[in-house]
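Close look at the chain arrangement
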Amino acid sequence: MKETQHWVGSWTAAPAPSTAGVDFADHTIRLFPRISIGGQTVRVRISNAHSDTNLAIGGATIALRDSGPSFVPETLRKLTFGGKSGTIIASGAVSFSDPVALDLPSLADIAVSIYLPRPVLAALVTGRYARQTNFISPPGDYSEYPVMPVGKITDEWFFLAGVDVLVGSETGGIVALGDSLTDANISTHDTFCRWPDQLARRLDKRGGGRPFGVMNQGLGGNRILHDIRGDNGLRRFDRDVLAQPGVTHAVVMLGTNDLRNRIAKPEQEASAEQMIAGMHQMAIRAQALGIKFIAATLTPFGNETFMANAWNPARETHRLAFNEWIRTSGVPDGIADFDAALRDPTIPSQMLRHYDCGDGLHPNDLGYCHMGDVIDLSLFD
């Protein structure tokens, strides 16, 4: 690696306990990330974050995607780990593959295949909701097969935590830390309508300006203060933001699930003051490492139907106070005002209908892309 180059995350998925209920034993998984920035040298990261046993990897490959469960044969590259085709990933750990040469354009769809030779129980599987079609093979190692036979279809990212590219030192990395509104729950499968996807497209299309990788670390249900699925935002901040390769900026949208208190524990009822303290701590930790901290305002959910009794006037008061702190405190290095972008000006506690997926909480495809459109790109200059 030249001194003028460094690794930057081009795609990520936040590790979390899988909800798919899938056991693996002698299976190949084929996953199709869409990267943000391209490069000519690439590596992948495989996570065993949510298991109490070691994870055996029997083989792995990377290639450009063709269609369905297939890849372009001439782009196939075998991945190694310390020069070997397989590896054992310790409980709670992550493994980086060795670098391979592969010419990847920006916004390319790639295929990552991972062969799992030993049994892995569903309760110990690391995954993340994808809103994207991925594939599981019948028994066997199909990691090098251009057209993989399909045993099951899934929409989770099993074990794959990141795809990094080797790029010039001027290239930065943006981490989007959030909940289901960053993960893009309820968006249309295989349309890449997440707001971090839209941000990546805008950065790629702008003339001039610093290049950036965009890493989506959205995790459905995530909260600032308390665990629910996977670690809370404060706990996972080091792993999912600060440790990401090449990170220079963090855009954080968390707090909605703290307010909604979806598991109805009175001791976990969140106040604006508590949420502000948590966000302030994230800002301090990022800024101490020279990472710009961009805070996102929380979008309205006053007519939510996704969960009964999620909204009430007291929680709305805390949402407004939290958003006011983001806008006026001066603590964040920048602001992404998603609240202003999506709220109904006549009923500010609710989302505009044409941006609403229909549950009053999650945006539709148009709304998610609009979130990516309203982010001021000058924040990254």
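Attention in this report is confined to the structure presented alongside it. (Residues numbered from 1 in each chain as written. Predicted model: local features only at pLDDT ≥ 70, side-chain atom pairs only at ≥ 80, totals over all residues. Heavy atoms only, no water.)

**Some points on the packing of aromatic side chains**
Think of a pair of aromatic rings as described by two things: how far the centres are apart, and how the planes are tilted against each other in angle. Cut-off, in case you're wondering: The rule is short: rings of Phe, Tyr and Trp, with Trp giving its six-membered ring, pair when the centres are within 6.5 Å, and they are stacked under 30 degrees, edge-to-face over 60, tilted in between. In this scheme, the term charge over a ring applies when either NZ of a lysine or CZ of an arginine sits within 6 Å of the ring centre and within 35 degrees of the ring normal.
Evaluated as defined, the whole model comprises seven aromatic pairs. One aromatic cluster is present, formed by Phe 24, Phe 158 and Phe 159 through successive ring pairs. Residue placement shows Arg 43 over the ring face of Trp 7; its charged tip is 4.2 Å from the ring centre.

**Quick notes on the pattern of salt bridges**
Our working rule: One speaks of a salt bridge when a side-chain nitrogen belonging to Lys or Arg is within 4 Å of a carboxyl oxygen belonging to Asp or Glu. Labels follow the DSSP assignment, with helices taken as runs of H or I lasting at least four residues and strands as runs of E lasting at least two, numbered in each case from the N terminus. Relative accessible area decides the class of each residue, using a 1.4 Å probe on protein chains only: under 20% of the type maximum gives buried, over 50% gives exposed, and in between gives partly exposed.
In total, this model carries 19 salt bridges according to the counting rule given. Taking the shortest distance from any N to any O, the salt bridge between Arg 319 and Glu 316 comes out at 2.9 Å. Residue Arg 319 and its partner Glu 316 are located together in helix H6 (residues 313-328), separated by three residues, close to a single helical turn. Taken individually, Arg 319 and Glu 316 each receive the classification buried, so the pair is uniform in this respect. The network of salt bridges with common partners includes Asp 227, Asp 231, Arg 235, Arg 236, Arg 239 and Asp 240.

**Section: the sheet that holds strand S19 (residues 292-296)**
The cut-off we apply is this: Paired strands, as defined in this entry, are two strands with at least two bridges between them according to DSSP. Structural elements are reduced to axes, namely lines fitted to C-alpha atoms, with helices fitted over the stretch in contact, and the angle between N-to-C directions of any two is expressed from 0 to 180 degrees. Any two residues whose heavy atoms approach within 4.5 Å at even a single point are treated as in contact.
Judged by pairing direction, the sheet is parallel, and its five strands sit side by side in the order S17-S16-S18-S19-S20 without closing on themselves. Of all strands in the sheet, those bounded by a partner on one side alone are strand S17 (212-218) and strand S20 (334-336). Ignoring strand direction, the axes of neighbouring strands in this sheet form an average angle of 20 degrees. Direction of pairing for strand S18 (residues 247-253) relative to S19: parallel, over a ladder of four bridges. What sits directly across from His 249, in S19, is Lys 292. Where helix H2 (residues 195-205) meets the sheet, it contacts strand S16 (172-178), S17 and S18, and its direction lies at approximately 175 degrees from that of S17.

**Some details on the environment of Ser 36**
The test is simple: As used in this structure description, the phrase polar contact means that two N or O atoms lie within 3.5 Å; if the pair is within protein, one of them must be able to donate a hydrogen and the other to accept it, and residues adjacent in sequence are counted only when both atoms belong to side chains.
Structurally, Ser 36 is set in the loop between strand S3 (27-31) and strand S4 (39-47). As for Ser 36 and Ala 295, which are separated by 259 residues in sequence, their C-alpha atoms are 21 Å apart. Among all residues touching Ser 36, those that are not within four sequence positions of it are Gly 9, Ser 10, Ser 106, Leu 107, Ala 200, Gly 213 and Val 214. In this structure the side chain of Ser 36 is engaged in a polar contact, spanning 2.7 Å, whose partner is the backbone oxygen of Ser 10.

**Considerations on empty space enclosed by the protein**
By rolling a water-sized probe across the atoms, one finds the places where empty space is left. Let me state the cut-off plainly: Here a cavity denotes a set of grid points, spaced 1 Å apart and computed over the protein atoms alone, in which a 1.4 Å probe fits but from which it cannot get out, and a pocket denotes an open set meeting protein on both sides within 12 Å along at least five of seven lines; residues with an atom within 4 Å of a point are reported as lining. Grid points are joined across faces, edges and corners, and a volume is the space filled by probe spheres set on the points. Each residue is assigned to one of three groups, with Ala, Val, Leu, Ile, Met, Phe, Trp, Tyr, Cys and Pro labelled nonpolar, Asp, Glu, Lys and Arg labelled charged, and all others, Gly among them, labelled polar.
A complete count under the given rule lists one cavity of 30 Å³ or more for this structure. Roughly 190 Å³ of volume is contained in the largest cavity. Forming the boundary of the largest cavity are 19 residues, of which Trp 11, Arg 34, Arg 194, Asp 197 and Val 214 lie nearest the centre. The set of elements that each furnish at least two residues to the lining of the largest cavity consists of strand S1 (5-12), H2 and S17. The dominant element in the lining of the largest cavity, judged by the number of residues it contributes, is H2, at four residues. Looking at the lining of the largest cavity residue by residue, the class counts come to nine nonpolar, five polar and five charged.

**Comments concerning H6**
Rules: Here, expected helix span is obtained from the residue count minus one, scaled by 1.5 Å.
Taking 1.5 Å per residue as the helical rise, H6 with its 16 residues ought to reach 22 Å, and the 22 Å between its terminal C-alpha atoms agrees with that figure. Considered for burial, the residues of H6 that qualify are Arg 315, Glu 316, Arg 319, Phe 322, Asn 323, Trp 325 and Ile 326. Looking at the packing, one finds that the buried side of H6 touches helix H4 (256-260), helix H5 (272-287), S19, S20, helix H7 (338-342) and strand S22 (347-351). Capping of H6 at its N-terminal end is provided by Asn 312; its side-chain oxygen lies 3.1 Å from the backbone amide nitrogen of Ala 314. Gly 330 occupies a position one or two residues after H6 and carries a positive phi of about 80 degrees.

**Points about the sheet that holds strand S14 (residues 152-156)**
Within a beta sheet, neighbouring strands are joined by backbone hydrogen bonds and run either parallel or antiparallel to one another. Spatial ordering of the open sheet is given by S7-S6-S11-S3-S13-S14, a layout of six strands whose pairing is antiparallel. What marks the edges here is a single partner per strand, and that holds for strand S7 (77-79) and S14. Averaged over all adjacent pairs, the angle separating strand axes in this sheet is 25 degrees, with direction ignored. Pairing geometry for strand S6 (residues 59-64) and strand S11 (residues 110-116), over six bridges, is antiparallel. Counterpart to Gly 59 in the pairing with S11 is Tyr 115.

**Things to note about the nonpolar core**
Nonpolar side chains in soluble globular proteins tend to be buried together. Quick note on the threshold: Put simply, a nonpolar core is a bunch of buried Ala, Val, Leu, Ile, Met, Phe, Trp, Tyr and Cys residues held in one set by side-chain atoms that sit within 4.5 Å of each other.
Phe 237, Val 252, Met 279, Met 282, Phe 293 and Phe 380 are the most contacted members of the largest nonpolar core, which totals 54 residues. Residue contributions to this core peak at seven residues, all from H5. Setting aside chain neighbours within four positions, we find Phe 293 in contact with Phe 237, Ala 250, Val 252, Met 279, Met 282, Ala 283, Ala 286, Gln 287, Pro 332, Asp 333 and Gly 334. Of all hydrophobic cores here, the second largest spans 38 residues; its members include Phe 24, Ala 60, Val 100 and Leu 116.

**A short note on unusual backbone geometry**
One non-glycine residue, Phe 159, lies in the positive phi region at around 70 degrees. Looking at where Phe 159 falls in the secondary structure, it is placed in the loop between S14 and strand S15 (160-168). Of the residues examined, Phe 159 reaches a relative accessible area of 1% and is grouped as buried.

**Notes on helix H8 (residues 365-374)**
Burial in H8 covers these residues: Gly 367, Tyr 368, Cys 369, Met 371 and Gly 372. The N-terminus of H8 is capped by Asn 364, whose side-chain oxygen sits 3.2 Å from the backbone nitrogen of Leu 366.

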